[in-house]
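Chains, contacts and geometry: an overview
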Amino acid sequence: MGQFIFLIRRDLSLAFRQGMDSVMVVVFFVIAVVLFPFGVGPEPGVLERISAGVIWVAALLAAMLSLERLFQTDYEDGSLELLALSSLPMEVTVLAKVVAHWITTGLPLIVAAPVLAVLMQMDAGGFGVLILALLLGTPSLSLIGAVGAALILGSRRGGVLLSLLVLPLYIPVLIFGVSAVDGAIGGYEYQAQLMILGGFFAGSLALAPFAGAAGLRQSLE
Amino acid sequence: MADLHRFANPTRFLRLAGYIQPWAAGIFFISLAAGLYMGLYASPGDYQQGESARIMYVHVPAAWMAMFCYTIMAVASAVSLIWKHPLSDVAARATAPIGAAFTFLALATGSLWGKPMWGTWWVWDARLTSVLVLLFLYIGYMALQGAFDDRTRAAKASAVLALVGFVNVPIIKFSVDWWNTLHQPASVIKMGGSSIDPSMLWPLLIMALAFKAYYVWVLMIRMRTELVDNKVRIMRLRQVHGG
């Protein structure tokens, strides 16, 4: 446990000292969402209708952008090999990295989301569910993404490849995340969607560390 | 596993594959001819859908094969990760493009059928969406295979991906039961017996056999090609290193 927390703190302090990574992710998120009113026109009705979907898609892309560097720097400077040699199981290492990734990218996205929801004219009734859905959904994104990030280590064109591997697996989270928010705005049931999002989180929490660890091990052979 | 490992010897496998290949080709051509004849001429049209229901004889077997190929790919990947069986890598890699082609065929024929029946080329229904995701998974798998210079790395990384992506297969199978969708639920394999008339079931099953034989045929060709390709590469390397 001590090592686990130490690894998270190491990744967090690296992220904060090296600089702008998580700020960049949020800036990308904001810019991507702000593009839509220019693209589809600023009519409040249209924007309100698409607000949940746009915010979710932008959050997905923003979370994916930062994934490439999840293991890449450690892989290149050799610290990944040291982590593999340590007494900490590889699965726990992956989990620690995912937690750090979520704190540096998922959490800022959730903080920024209500502001964007205001810009997108979303009905105020959807704010709470949007935050709740993102809280349940973004950890799954980080977990699933970690598998992809481990698999592309040492490949050519890693970044583009990563999006090809990870985005199809993100679709279920997107579907239920958006339908929860839309349900809340329209005054329908949304608990079921939130529970399914929670189910995705629980499932990926149980399985993704193993797949990610398998990916890391084969990259180090 | 002892039996499987007997065929881990590529030379023995090549001999076996050379024996299977013409048989698979023969079964494919005969059952395709019979299935097409029965499906297109000898069977009745649907009482509601008329003649356009006949596209089912291509669409349904293609969709079955799309899921079957992914399952084979995932099983072969698991075998290669767990037992390091050398041929399972080759089998998984050879299966991917065939499965992707079947998936595309299923989507394309479904879309052609959907236009007169549903009045649209495409609906975002659970079955269609999950099959589209399957196509993306195949493409991602093939892209990952091609992204490494080292073949064993490529095989291992994509084996993990194939296993992760396998979660989609049961979702496709049960999507029509879990969600109320436009796509019709299963009628051939279900609890309480098939609800499809024998005059339509037989051509469908014969077409399914034809598609399966086609898969085996092409798989044998692709696996033999890859094994020979490996041999050539090793011989070239030997020449270069003067061994």
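Predicted, not measured: the structure shown is a model, and the values here were computed from it. (Residues numbered from 1 in each chain as written. Chains lettered and ligands numbered in written order. Predicted model: local features only at pLDDT ≥ 70, side-chain atom pairs only at ≥ 80, totals over all residues. Heavy atoms only, no water.)

Looking only at helices and strands, one finds nine helices and zero strands in chain A. Each helix and strand of chain A, placed in order from N terminus to C terminus, yields the pattern α-α-α-α-α-α-α-α-α. Here chain A has a C-alpha radius of gyration of 18 Å; the compact-globule value for 221 residues is 17 Å, and the two agree. Its C-alpha atoms put chain A at 55 × 35 × 30 Å along the principal axes. Counting across all 221 residues of chain A, residues that qualify as buried make up 49%. Within chain A, contacts between residues separated by at least 24 positions form 82% of all contacts whose residues are at least 6 apart in sequence. Accessible area for chain A stands at about 9900 Å²; split by element, carbon and sulfur atoms hold 71% of it. Measuring between centres, the 9 positive side-chain charges of chain A sit 9 Å from its 14 negative side-chain charges. (Helix = DSSP H or I, 4+ residues; strand = E, 2+ residues; numbered from the N terminus. Rg over C-alpha atoms; globule rule 2.2 N^0.38 Å. Buried < 20%, exposed > 50% of the residue type's maximum accessible area, 1.4 Å probe, protein only. Contact = heavy atoms within 4.5 Å. Areas by Shrake-Rupley, 256 points an atom, 1.4 Å probe, with all protein chains shown as cover. Lys, Arg positive; Asp, Glu negative; His and termini not counted. Charge placed at Lys NZ, Arg CZ, Asp CG, Glu CD.)

Every contact between the two is made by 21 residues of chain A and, on the other side, 19 residues of chain B. Between chain A and chain B, roughly 1700 Å² of surface is buried when both sides are summed, and carbon and sulfur atoms account for 71% of that area. A per-residue breakdown of the area chain A buries against chain B is headed by Leu151, Arg156 and Gln218 of chain A, which together make up 31% of the total. Applying the counting rule to chain A against chain B returns one salt bridge. For Arg156 of chain A, the salt bridge identified is with Asp149 of chain B, shortest N-O distance 3.0 Å. Every element with two or more residues in the side of chain A that touches chain B is listed here: helix 7 (127-151), helix 8 (158-186) and helix 9 (191-220) of chain A. By residue number, the principal contributor to the side of chain A that touches chain B is helix 8 of chain A, which donates seven residues. Among the residues forming the side of chain A that touches chain B, the class breakdown is 14 nonpolar, five polar and two charged. (Buried area = accessible area lost by both parts, 1.4 Å probe. Salt bridge = Lys/Arg side-chain N within 4 Å of Asp/Glu carboxyl O. Nonpolar A, V, L, I, M, F, W, Y, C, P; charged D, E, K, R; others polar.)

Looking now at the packing of aromatic side chains. What characterises a pair of aromatic rings is the spacing of the ring centres plus the angle enclosed by the ring planes. Residues and elements named next belong to chain B. Going through the model one piece at a time under the given rule, you end up with eleven aromatic pairs over all chains. Ring geometry for Phe29 and Trp217: centres 5.6 Å apart, planes at 65 degrees, overall edge-to-face. Separated by 188 residues along the polypeptide, Phe29 in helix 2 (residues 10-42) and Trp217 in helix 8 (residues 198-241) bring together distant segments of the chain. Taken together, the aromatic side chains of Phe28, Phe29, Phe102, Phe211, Tyr214 and Trp217 make up a single cluster linked through ring pairs. It is Lys212 that lies over the ring of Phe68; its NZ or CZ is 4.1 Å from the centre. (Phe/Tyr/Trp six-rings, centres within 6.5 Å; stacked < 30°, edge-to-face > 60°. Lys NZ or Arg CZ within 6 Å of the ring centre and 35° of its normal.)

A separate point is the packing of helix 3 (residues 44-65) of chain A against helix 7 of chain A. Residues and elements named next belong to chain A. Two elements in contact, helix 3 and helix 7, have axes separated by 11 Å at closest approach and are oriented at 30 degrees. Between helix 3 and helix 7, the angle falls in the class roughly parallel. The two elements helix 3 and helix 7 cross, and the hand of that crossing is right-handed. Taking contact as the criterion, the partners of Ile55, Trp56, Ala59, Leu60 and Ala63 in helix 3 are, on helix 7, Leu130, Ala133, Leu134, Gly137 and Leu141. Among the residues making up the contact of helix 3 with helix 7, the classes are represented as nine nonpolar, one polar and no charged. (Axes fitted to C-alpha atoms, helices over the stretch in contact; angles between N-to-C directions. Parallel < 35°, antiparallel > 145°, perpendicular 65-115°, else oblique. Left-handed = near helix turned anticlockwise from the far one by under 90°.)

Residues and elements named next belong to chain B. Here helix 3 (residues 56-83) crosses helix 4 (residues 86-118) at 155 degrees, and the two axes come no closer than 8 Å. Taken together, the axes of helix 3 and helix 4 are roughly antiparallel relative to one another. The handedness of the crossing between helix 3 and helix 4 comes out as left-handed. Looking at side-chain class alone, the contact of helix 3 with helix 4 contains 15 nonpolar, nine polar and one charged residues.

Attention now moves to the pattern of salt bridges. In total, this model carries ten salt bridges over all chains according to the counting rule given. One network of salt bridges, with partners in common, ties together Arg10, Asp11, Asp74 and Lys97 of chain A.

Turning our attention to the environment of Val228 of chain B. Mapped onto the elements of the fold, Val228 of chain B is located in helix 8. Measuring from C-alpha to C-alpha, the distance between Val228 of chain B and Trp217 of chain B comes to 17 Å, with eleven residues separating the pair along the chain.

Note that an α-helix has 3.6 residues per turn; residues three or four places apart therefore point the same way. Residues and elements named next belong to chain B. A rise of 1.5 Å per residue sets the reference length of helix 2, with its 33 residues, at 48 Å; its end C-alpha atoms lie 44 Å apart and thus fit the reference within 8%. Along helix 2, the residues that are buried comprise Phe13, Leu14, Ala17, Gln21, Ala24, Ala25, Phe28, Ser31, Gly35 and Gly39. Considering only its buried residues, helix 2 is in contact with helix 3, helix 4 and helix 8. (Expected span 1.5 Å × (residues − 1).)

Our next topic: helix 2 (residues 21-40) of chain A. All names here are of chain A. Helix length check: helix 2 (20 residues) gives 30 Å between terminal C-alpha atoms against 28 Å at 1.5 Å per residue, within 8%. If you check which residues of helix 2 are buried, you get Ser22, Val25, Val26, Phe29, Ala32 and Val33. Seen from one end, helix 2 has its buried residues packed into an arc of 125 degrees, which puts them on one side. In helix 2, those exposed residues whose orientation departs by more than 90 degrees from the buried face are Met24, Leu35, Phe38 and Gly39. Elements in contact with the buried residues of helix 2: helix 3 and helix 6 (90-119). One or two residues past the end of helix 2 sits Gly41, with phi positive at roughly 95 degrees. (Arc of directions from axis to C-beta.)

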